[in-house]
Amino acid sequence: MPSDESIILRGRAVSKSFGQLVVLDGIDIDVRRGEVVAIIGPSGSGKSTLLRCFNGLETPTSGSIEVAGEPLSRNRRQLAKQREHLGMVFQRFHLFPHLTALQNVMEGPLTVKKMDRRQAMDRAYMLLEKVGLRDKADAYPSKLSGGQQQRVAIARALAMEPAVMLLDEPTSALDPELVGEVLQVIQSLASEGMTMLLVTHEMAFARHVADRVIFMADGKIGEEGPPDALFDRPQSPRTRQFLQNVARPAQM
Amino acid sequence: MNFFQFLATYAGTFAQGALVTVELTLCGLIIGLILGVLVSLMNLSHIWPFRWFARLYTWVVRGTPLLVQLFIVYYGLPQVGLQLTPFLSAIIALGLNSAGYVAEIIRAGIQSIDPGQMEAAESLGMRYGQAMRRIIFPQAYRRLLPPIVNEFVALLKDSSLVSTISMTELMRIGQTVSSSTFLPMQSYITAALFYLAMTSIIVFFSGKLERWLEVRG
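Residues numbered from 1 in each chain as written. Chains lettered and ligands numbered in written order. Predicted model: local features only at pLDDT ≥ 70, side-chain atom pairs only at ≥ 80, totals over all residues. Heavy atoms only, no water.

All names here are of chain B. Here helix α5 (residues 115-123) crosses helix α6 (residues 128-158) at 140°, and the two axes come no closer than 9 Å. Here α5 lies oblique to α6, going by the angle between them. α5 and α6 meet at a crossing whose hand is right-handed. Residue-level inspection shows Gln117, Met118, Ala121 and Glu122 of α5 in contact with α6, the latter providing Tyr128, Ala131, Met132, Ile135, Ile136 and Gln139. By residue class, the composition of the contact of α5 with α6 is seven nonpolar, two polar and one charged. (Axes fitted to C-alpha atoms, helices over the stretch in contact; angles between N-to-C directions. Helix = DSSP H or I, 4+ residues; strand = E, 2+ residues; numbered from the N terminus. Parallel < 35°, antiparallel > 145°, perpendicular 65-115°, else oblique. Left-handed = near helix turned anticlockwise from the far one by under 90°. Contact = heavy atoms within 4.5 Å. Nonpolar A, V, L, I, M, F, W, Y, C, P; charged D, E, K, R; others polar.)

Written as structure tokens, this is what we have:
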């Protein structure tokens, strides 16, 4: 197959097992530059594991992962280089607790890119402004709400000027009233044309922000397509059942 | 001679011994900290011979008595042509011994940091060493302070064992004074008071240091 310049993330026949447990079972996936792809599906379907395979936090048991046409390296030094182009946002934020919000955002450019301190600080202020937290620049993570922490974490990832953002259930650990502010930031990134691969349980948001939605179940891709088609006219019974379940979560 | 007269007569002698005890302990602790950091890094290394060596080291050092280790260094090594002074033997044995404990303290401290911190650092493109230096160590060192202070106190008390290789430190002074005055109770209680004073000072200042670190965020 000729390499396609527009494909930034490519997974082919990606499988992952932990002992006897098969988490990913032959996944084929492409993400193009500028595209927002949302992965939905029940817990334990392998969504997060797939996402983590793209920046080497998990290593597939078999299959290939390519970032910008290059296979993800097994060499730690080269992998570190490739990771600079992949912004990662975690479910549980993982801000550095010994650093202020500003220092968290500066850390990547300072340590990895060896950016000049002044320049790194200016950029960090700009990014905090972008996520609406300039006034919290000097606050330590323990003094921030979950929603604020996640916005700082997004700014921290953006500071490396990644080619793609990988977001692993960015709102799942948040109190309901804090979900909106984080989704708003992600939405604005999407409208600026940021490429994103997003694992989420927010169906309405996935529908709204994604160019394409992938439904995963039991380590396989069950169905994929444009959001309207997938949400309104799901083809597989498995997708239909899942969408019904999430639409009526309160039913006892 | 009552106890106060005893103290007035011999306090200076005991203080000299205490000074040697402090020197021994500090030298032993410095050696222990440096080697302990090295061994703990080996223990966390991806290179298996390092890991293997670190585990062997802590296993042997923590599984054998300090007194035996001390005798091996002081009495055993001359047999293979390495004759060390009592002081050198003492600080080497104390240092090698405390390194085993310090290594375990540091390993536990580093492993107590949420693995998500390493993932976040590596996701930014940091190499392992950068992540350790910038993210993991700065979080771990505060947690390390209390157990390291415990180790410091234990080392100070254990240094009394080196009286057996004719180092004139606090315990040895106690023995000497005891045998020349025939007042063992007064002699050893005085030695005990000096040990107690030194360990109390360490605990007091470490408490201050801990609070100061907390205040700084």
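Next up on the list: the UniProt feature "domain: ABC transmembrane type-1" (unreviewed entry) in chain B. In this numbering, the UniProt entry assigns the feature "domain: ABC transmembrane type-1" (unreviewed entry) to residues 18-206 of chain B. The annotated region residues 18-206 of chain B carries 82% helix and 0% strand content, and the separation between its end C-alpha atoms amounts to 20 Å. (UniProt positions renumbered as here; feature names shortened; annotations may be inferred.)

What follows is about the sheet that holds strand β8 (residues 195-199) of chain A. Residue and element names in this part refer to chain A. Reading across the sheet, the six strands line up as β6-β7-β8-β3-β9-β10 and stay open at both edges, with mixed pairing between neighbours. The sheet terminates laterally at β6 (86-89) and β10 (220-225), the two strands that pair on one side only. In this sheet, neighbouring strand axes are inclined to one another by 15° on average, regardless of whether the strands run parallel or antiparallel. As paired strands, strand β3 (residues 36-40) and strand β9 (residues 212-217) are joined by four bridges and run parallel to one another. Looking across to β9, one finds that alanine 38 is bridged to valine 213. (Pairing = 2+ DSSP bridges.)

To continue, consider empty space enclosed by the protein. Any empty space left between the atoms is revealed when a probe the size of a water molecule rolls over them. As enumerated under the stated definition, the model contains one cavity of 30 Å³ or more in all. Here the largest cavity defines a volume of roughly 80 Å³. Along the walls of the largest cavity sit 13 residues, with Met88 and Ala157 of chain A together with Ala120, Ser123 and Leu124 of chain B positioned nearest its centre. Elements that contribute at least two residues to the lining of the largest cavity include exactly β6 and α5 (146-158) of chain A together with α5 of chain B. Among the residues making up the lining of the largest cavity, the classes are represented as eight nonpolar, two polar and three charged. (1 Å grid on protein atoms, 1.4 Å probe; cavity = no way out; pocket = protein on both sides within 12 Å on 5 of 7 lines; lining within 4 Å. Points joined across faces, edges and corners; volume = space filled by probe spheres on them.)

Further remarks concern helix α3 (residues 101-111) of chain A. When you tally the buried positions in α3 of chain A, you get ten out of eleven residues, the bulk of the element. When α3 of chain A is considered as a whole, its buried residues turn out to be Ala101, Leu102, Asn104, Val105, Met106, Glu107, Gly108, Pro109, Leu110 and Thr111 of chain A. Buried residues along α3 of chain A sit in contact with α4 (117-130) and α5 of chain A together with α6 of chain B. (Buried < 20%, exposed > 50% of the residue type's maximum accessible area, 1.4 Å probe, protein only.)

With that out of the way, let us pick up the pattern of salt bridges. Residues and elements named next belong to chain A. Tallied over the full model, the rule gives 22 salt bridges over all chains. Here arginine 134 and glutamate 129 are joined by a salt bridge, their closest N and O atoms 3.9 Å apart. Between glutamate 181 and arginine 151 there is a salt bridge, and its shortest N-O distance comes to 2.5 Å. Taken as a pair, glutamate 181 in helix α6 (residues 176-191) and arginine 151 in helix α5 lie far apart in primary sequence, 30 residues in all. The class for glutamate 181 is partly exposed, based on a relative accessible area of 21%. (Salt bridge = Lys/Arg side-chain N within 4 Å of Asp/Glu carboxyl O.)

Taken together, the contact pairs 20 residues of chain B with 24 residues of chain A. The junction of chain B with chain A conceals about 2000 Å² of combined surface from both sides, 55% of it contributed by carbon and sulfur atoms. Interface area lost by chain B to chain A is led by Glu119, Ser123 and Leu124 of chain B, which between them contribute 30%. Taken together, the links from chain B to chain A amount to four salt bridges. One salt bridge in this structure joins arginine 76 of chain A and glutamate 122 of chain B, with 3.4 Å as the shortest N-O distance. The interface formed by chain B and chain A includes nine residue pairs in polar contact (both at pLDDT 80 or more). When contributions to the side of chain B that touches chain A are tallied by element, the ones reaching two or more residues are α5 and α6 of chain B. (Buried area = accessible area lost by both parts, 1.4 Å probe. Polar contact = N/O pair within 3.5 Å; in protein donor to acceptor, adjacent residues only side chain to side chain.)

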